[in-house]
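# Examination of the molecular architecture
Chain residues, written in single-letter form:
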Amino acid sequence: MTTLPWDQAELDLSPDELAAIFAIKGWTYGTAQCAGTPSAADLKTYITDMAELLARTGRADVYATGGRFKVYKDPELPGSYEIYLYVGHVPDPHVRTDEEDGTL
């Protein structure tokens, strides 16, 4: 397993700050590596695993459902990975539901 150079990362939130957000929000993991609220080390491992999957498969991105993360390999920046945190969604007011369409 490869380790990402976290000491060289340019992050707006450190792994410790991310772990604190998970703890405050009560977000948990249920993986082989972590059962419960993840620590900074757990999150670094999880993100590293997704980056390794990108490297092995050549895929453009990996989104781990339940993990709240997306890791993206930007072809314009081949020497790094972008990390996205999912915090929720806002409904599109222009999309009608089945109920509004009378199909339910």
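Note that the coordinates shown come from a computational prediction; the quantities given were computed from them, not determined experimentally.

The rules behind the values
- Residues numbered from 1 in each chain as written.
- Predicted model: local features only at pLDDT ≥ 70, side-chain atom pairs only at ≥ 80, totals over all residues.
- Heavy atoms only, no water.
- Helix = DSSP H or I, 4+ residues; strand = E, 2+ residues; numbered from the N terminus.
- Buried < 20%, exposed > 50% of the residue type's maximum accessible area, 1.4 Å probe, protein only.
- Contact = heavy atoms within 4.5 Å.
- Areas by Shrake-Rupley, 256 points an atom, 1.4 Å probe, with all protein chains shown as cover.
- Pairing = 2+ DSSP bridges.
- Axes fitted to C-alpha atoms, helices over the stretch in contact; angles between N-to-C directions.
- pLDDT = per-residue confidence, 0-100.
- Polar contact = N/O pair within 3.5 Å; in protein donor to acceptor, adjacent residues only side chain to side chain.
- Core = buried A, V, L, I, M, F, W, Y, C linked by side-chain atoms within 4.5 Å.

## Section: the overall build of the chain
- Along the chain, the regular secondary structure elements total three helices and five strands.
- The order of α-helices and β-strands along the chain, N terminus first, is α-β-β-α-β-β-β-α.
- Expressed as a percentage of its 104 residues, the buried residues of the chain come to 23%.
- Nonlocal contacts in the chain, meaning residues at least 24 apart in sequence, comprise 34% of its contacts between residues at least 6 apart.
- Carbon and sulfur atoms form 53% of the exposed surface of the chain, whose accessible area is close to 7400 Å².

## So, the sheet that holds strand E4 (residues 69-72)
- As summarised here, the arrangement of the three strands in space is E3-E4-E5, forming an open sheet in which the pairing is antiparallel. Strand pairing shows two members of the sheet lacking a second neighbour, strand E3 (61-64) and strand E5 (82-85), which therefore form its edges. Shown here is a sheet whose adjacent strand axes are inclined to one another by a mean of 15°, direction ignored.
- With four bridges joining them, E3 and E4 adopt antiparallel strand pairing. Within E4, the residue paired with Ala64 across the bridge is Phe69.
- In the packing of helix H2 (residues 40-57) onto the sheet, the strands contacted are E3, E4 and E5, and the crossing angle to E4 comes to about 40°.

## Things to note about the confidence of the model for the chain
- Per-residue confidence for the chain gives a mean pLDDT of 85; residues scoring 70 or more make up 88%.
- Confidence scores differ between elements of the chain, with helix H3 (residues 98-101) showing the lowest mean pLDDT of 68 and helix H1 (residues 15-25) the highest of 95.

## Focus on the environment of Tyr86
- The topology assignment puts Tyr86 in the loop between E5 and H3.
- Residue classification places Tyr86 among the partly exposed residues on the basis of a relative accessible area of 34%.
- Sequence separation between Tyr86 and Arg68 is 18 residues; the distance between their C-alpha atoms is 4.8 Å.
- Filtering out sequence-adjacent residues up to four positions away, Tyr86 remains in contact with Trp27, Tyr63 and Arg68.
- A polar atom in the side chain of Tyr86 sits 3.4 Å from the side chain of His89.

## Description of the nonpolar core
- Counting residues in hydrophobic clusters, the biggest one holds 18 residues, and the most contacted among them are Tyr29, Leu43, Met50 and Phe69.
- Contributing elements (two or more residues each) for this core: H1, H2, E3 and E4.
- With seven residues, the top contributor of residues to this core is H2.

## Digging into the pairing of E4
- The side-chain alternation of E4 yields one buried face, formed by Phe69 and Val71, and one unburied face, formed by Lys70 and Tyr72.
- Where E4 meets E5, four bridges bridge the pair, whose relative direction is antiparallel. Bridge assignment links Val71 to a residue of E5, and that residue is Ile83.

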